[in-house]
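Summary of structural features
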Amino acid sequence: MLHLMQRMANAAPRPSRRSFLKLSAGAAGGLLIGVKLPGSLAQAAEGAASDQMFTPFVRITPDNLVTVLNKHLDMGQGNATGLATLVAEELDASTEQMRAEFAPADNAKYQNLLFGVQGTGGSTAIANSFEQYRKAGATARAMLVAAAAEAWGVAASEISVKAGTLSHPSGKSATFGEMAEAAAALDVPGDVTLKTPDQWVYIGKGFPRLDVANKTVGAPNTYGMDVQRDDQLVAVLTRPRAFGATVASLNADEARKVAGVVDVIDVPGHGVAVLATSTWPAIKAQGLLEIEWDESKAETRSSDALFDEYRTLAQAEGPVFRHDGDAAAQLEGAANVVEETFEFPYLAHGMMEPMVLTIHVEGDRATLWYPAQFQTVDQATAASVLGIPQENVAINTLYGGGSFGRRTSFDAKHIVEAASIAKIWGKSQPIKLVYTREDDTRAGYYRPMGVHKVRVGLDADGNLVGWHHRIVQQSLMSGTAFESFAVKDGIDSTSVEGVEDFSYAVSAFHGELHSPKVGVPVLWWRSVGHTQTAYVVETMIDRAAEAAGADPVAFRRAHLTRKTGSDAHDADNARKLGVLDKVVEMSGWSEGAPEGRFRGVAVHKSFNSYVAEVAEVSRRDDGTFKVEKVWCAVDCGVAVNPDNVKAQMEGGIGYGLGAILFDEITLTDGHVDQENFDTYRPLRMEDMPAVEVEVIASAAAPTGAGEPGTPPIGPAVANAIRAATGSVPSVLPLSKAGLA
Amino acid sequence: MIRLNVNGEDREVDVDPETPLLWVLRDELQLTGTKYGCGIAACGACTVQMDGFPTRSCQTRVSDVEGAKITTIEGVDGKAASAVQAAWRELDVPQCGYCQSGQILAATALLAETPKPSDDDIDAAMSGNVCRCATYHRIRAAIHRASETMEG
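Residues numbered from 1 in each chain as written. Chains lettered and ligands numbered in written order. Predicted model: local features only at pLDDT ≥ 70, side-chain atom pairs only at ≥ 80, totals over all residues.

1. Comments concerning the overall build of chain A
Note the threshold: Helix and strand labels come from DSSP, where a helix needs a run of H or I of at least four residues and a strand needs a run of E of at least two; each type is numbered from the N terminus. For the radius of gyration, the atom set is restricted to C-alpha positions; the globular benchmark scales as 2.2 Å times the number of residues to the power 0.38. The exposure scheme places C-beta atoms from the backbone and then counts, for each residue, the other C-beta atoms within 10 Å of its own, assigning buried at 20 or more, exposed at 12 or fewer, and partly exposed in between. Placing C-beta atoms from the backbone, we regard two residues as in contact once those atoms come within 7 Å.
Helix and strand content of chain A: 21 helices and 30 strands. Rg of the C-alpha trace for chain A: 27 Å, near the compact-globule value of 27 Å for 740 residues, within the 12% margin. Counting only C-alpha atoms and orienting by the principal axes, one finds that chain A spans roughly 80 × 70 × 50 Å. When the 740 residues of chain A are sorted by exposure, 57% land in the buried category. Counting contacts in chain A only where the partners sit at least 6 residues apart, residues at least 24 apart contribute 77% of the total.

This is the structure we're talking about:
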């Protein structure tokens, strides 16, 4: 996904110049600070600044509250607080006065600077906002100071600001709220100087999460599922059991008899929707529908059959994603060759809040309420289905009850479904499309299944000399609007990320990718390609270390220390070494595992961050393993909120661990076998290891935190199991082989 | 009409008696703090307390709870609840937060019964409550923290 973003960033027109502007904060009064859109300099000079050309990031009101408009979706990763921290830092605000709100959908104003469209993903929220939101805070501060200077008749340079209070040595002081109106009347400074890191009071220190209080009292209107509009109908949509099937016949007689059911409608291409006055009648009626499906054009292969096809493909040559030196010759002449074939299942995201979306169409306007993660695509999609202008689609973003990638899909299927239902229903009435857990689990958009076939050669001294890596995996991007950004010469960058930048010193590397077409919709799943590639690379490195008779850490150190011939890889390796050495120190690796415990290590780069993890496991009497403890070291550049980075590592570890231990989506004749948390087993309290995280101090620009904790946990656990059993599990999940 | 006592108030609802308590709370009484996660009592997001005991409201028919005292996240209070909610805030437990109403009601019921729970007690009491953000590490720490607060 990283490559996708880089290409999108290169392709997207980016504003070359941004100047900050202020507007009156409307009825509430006070100061509104943001950037002016490019191309409107002339208008600004004429004093014609208007809402249309103004991008508000910060609002300071006379009640002394500072509200930050978050252009991203917060689905648990904490960016609402992260962006508020950036503003509060430059503003010298107090933590208590900070608030966060989600910005509306408006690509020109609120685009992700790394994507070129408005959206959240790829662990970019902080990385792409770091300068933008600090500048907004610094501009607001300068204006408040200027207003105080004018009011008090003193020099601005004599005024200090601390924890939300402006003060002067003469004893005069004021709150931001008291100066907000006066500040709004002043000119915006042309440029502002940002603090240097040694001046930071919040960044890198700590900041309380702004959403936690609401989330501990069950506050209303927090999540998409909480939306209750007047006169609202609830829609529950029954989708085909096989992807691509259509309705052959429908008997809704019994469903229609359920009290509260308003109608049952055929939604061509999507299924059958029950519309009811509240949720339960819709769910109950769904269970009474009698639908026969036409599966003649559907994907009806079973996952076992797909794996057979993938294993066969893995024997054949495919498009090359990297070729350095002659890996075949190196393997031919190697003193030792280690080889393995890995199998990864489809995975569902399984976020706690199933997919949900409320839409209200009124004439040529539509309003949506939901956790919006891909505003620009969603907005365009709703407009296209409804046949209305894109700017007539308003999006109200609510907190997401998790996402892990699920709430951004290339085709915005959930938007299409809701808009189609609203269009067919025809009445101007809010419709809330609710996915049941079963709907959510079976709806597709899975992490792709995959097969990796790898051969690794070592010389007589135990040095890596050849690496041959072949991947068979369905493309995320082919056939989507994003294909031109992410697929080059048959290579989908999301299939090979995490191995295409393989950086251990090796004489020759050769990588190939097959991208078979399958009718199951696939999507990014927390850390995208990295859950497979990190697992394969890091378990193979352990196997190579074993073949070389070396300790797994010593072997890694040796191959990370040696010059690779690539400056980029050498730079990666220096930071990988940093986190590796830290986790070795934290875990006391050199002293070995305690009696009855076994340890494994893994280190991986994803989303420009570097994470190393050590997992310690024990074996139960029934042969299954329990993960007892995980140590984690992360280098993500400047950690804006270190405790939140730790929380993301803890959560990323738990999320990855549940999948590695228990989870797979399987198909029988094209029908998804899993339905709910009874058959798609989530990690539970009793399965969660103790986790210790250290964040490496860094002055580098901030990089991702939401995803990079996930990739290393699989191989770290697998390597610990190898330490116990002598073999690395190559088929996931571990429960399939009785290991979990 | 079905008569309920929710958060100390008597309420009447006119619904199909089979309706799960969860949907009565959310759709009829506008108490949306109680969450839908699975509908089969497998995730605990819908946890409420019935006469003090943690109960999965998605698998509880509304007609079966007449006469019981139902407590939801909006109404939970007392020493254990205050300690739990304070500890949750102090340790920044929630990430997405969607499961946390259920977690807090389960933790409160645990501490009311067992003021000084061991890790095994926590595993036993809390393993029915799923958190897909995997905040378990902090939930455990916050329960211990709340236990200390209650003692002090």
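2. Details of unusual backbone geometry
Residues and elements named next belong to chain A. With an omega of 0°, the peptide bond between Leu732 and Pro733 qualifies as cis. The backbone phi angle of Asp92 is positive, close to 55°, even though this residue is not glycine. Along the chain, Asp92 falls in the loop between helix 3 (79–91) and strand 5 (98–102). You can call Asp92 buried: it has 23 C-beta atoms within 10 Å. Despite not being glycine, Asp231 shows a phi value in the positive range, around 65°.

3. Considerations on the confidence of the model for chain A
All names here are of chain A. Spelled out, the test is: The predictor attaches a confidence to each residue, called pLDDT, with possible values from 0 through 100.
When pLDDT is averaged along chain A, the result is 92; 93% of the residues meet or exceed 70. Low pLDDT (under 50) marks residues 1–19, which in the prediction has 40 contacts with non-local residues, meaning those over four places away or in another chain. Note that pLDDT drops below 50 for residues 36–54; the model gives that stretch 25 contacts with residues more than four away or on any other chain.

4. Quick look at the nonpolar core
Residue and element names in this part refer to chain A. Rules: Residues of type Ala, Val, Leu, Ile, Met, Phe, Trp, Tyr and Cys that are buried and joined through C-beta atoms within 7 Å form what is called a nonpolar core.
Counting residues in hydrophobic clusters, the biggest one holds 274 residues, and the most contacted among them are Val87, Ala235, Val274, Cys632, Val634 and Val717. Broken down by element, this core gets its largest block of residues, 14 residues, from helix 5 (residues 125–152). Those residues in contact with Ala235, other than ones at most four positions away along the chain, are Ala273, Val274, Leu275, Ala282, Ile421, Ile431, Lys432 and Leu433.

5. Describing the sheet that holds strand 4 (residues 53–56) of chain B
Residues and elements named next belong to chain B. Note the cut-off: Strand pairing is defined by DSSP finding a minimum of two bridges between the two strands. Axis lines are fitted through C-alpha atoms, for helices just across the contact stretch, and the angle between N-to-C directions can take any value from 0 to 180 degrees.
With mixed pairing, five strands are arranged side by side in an open sheet as 2-1-5-3-4. Edge strands, defined here as strands with exactly one partner in the open sheet, are strand 2 (9–13) and strand 4. Each neighbouring strand pair of the sheet contributes to a mean axis angle of 40°, computed without reference to strand direction. Here strand 1 (residues 2–6) pairs with strand 5 (residues 69–71) via two bridges, running parallel. Paired with Val6 across the bridge in strand 5 is Ile70. Seen against the sheet, helix 3 (residues 100–113) touches strand 3 (47–50) and strand 4 and runs at an angle of roughly 35° to strand 3.

6. Brief notes about the packing of helix 18 (residues 552–561) of chain A against helix 19 (residues 567–587) of chain A
Residue and element names in this part refer to chain A. Quick reminder of the rule: Each angle gets one of four labels, with under 35 degrees taken as roughly parallel, over 145 as roughly antiparallel, 65 to 115 as roughly perpendicular, and the rest as oblique. We call a crossing left-handed when the near helix sits turned anticlockwise from the far one by less than a right angle, and right-handed when that turn is clockwise. Lys, Arg, Asp and Glu make up the charged group, whereas Ala, Val, Leu, Ile, Met, Phe, Trp, Tyr, Cys and Pro make up the nonpolar group; the residues left over, Gly among them, are polar.
Their axes nearest at 9 Å, the elements helix 18 and helix 19 cross at an angle of 160°. Here helix 18 lies roughly antiparallel to helix 19, going by the angle between them. The element helix 18 and its partner helix 19 pack so that their crossing is left-handed. Two secondary-structure elements touch here, helix 18 through Val553, Arg556, Arg557, Leu560 and Thr561 and helix 19 through Asn573, Lys576, Leu577, Leu580 and Val584. Here the residues of the contact of helix 18 with helix 19 sort into five nonpolar, two polar and three charged.

7. Observations concerning the sheet that holds strand 11 (residues 261–267) of chain A
Either a parallel or an antiparallel arrangement is found when strands of a sheet pair, and the pairing is made through backbone hydrogen bonds. Residues and elements named next belong to chain A. Pairing is mixed in the open sheet, where seven strands are placed in the order 11-12-9-19-16-17-18. Sheet topology places strand 11 and strand 18 (393–397) at the edges, where each strand pairs with a single neighbour. The mean angle between the axes of side-by-side strands here comes to 20°, regardless of whether they run parallel or antiparallel. Direction of pairing for strand 9 (residues 233–238) relative to strand 19 (residues 431–434): parallel, over a ladder of three bridges. Bridging from a neighbouring strand, Leu233 pairs with Ile431 of strand 19. Packing of helix 12 (residues 375–386) onto the sheet brings it into contact with strand 16 (356–362), strand 17 (365–370) and strand 18, and relative to strand 18 it is tilted by some 140°.

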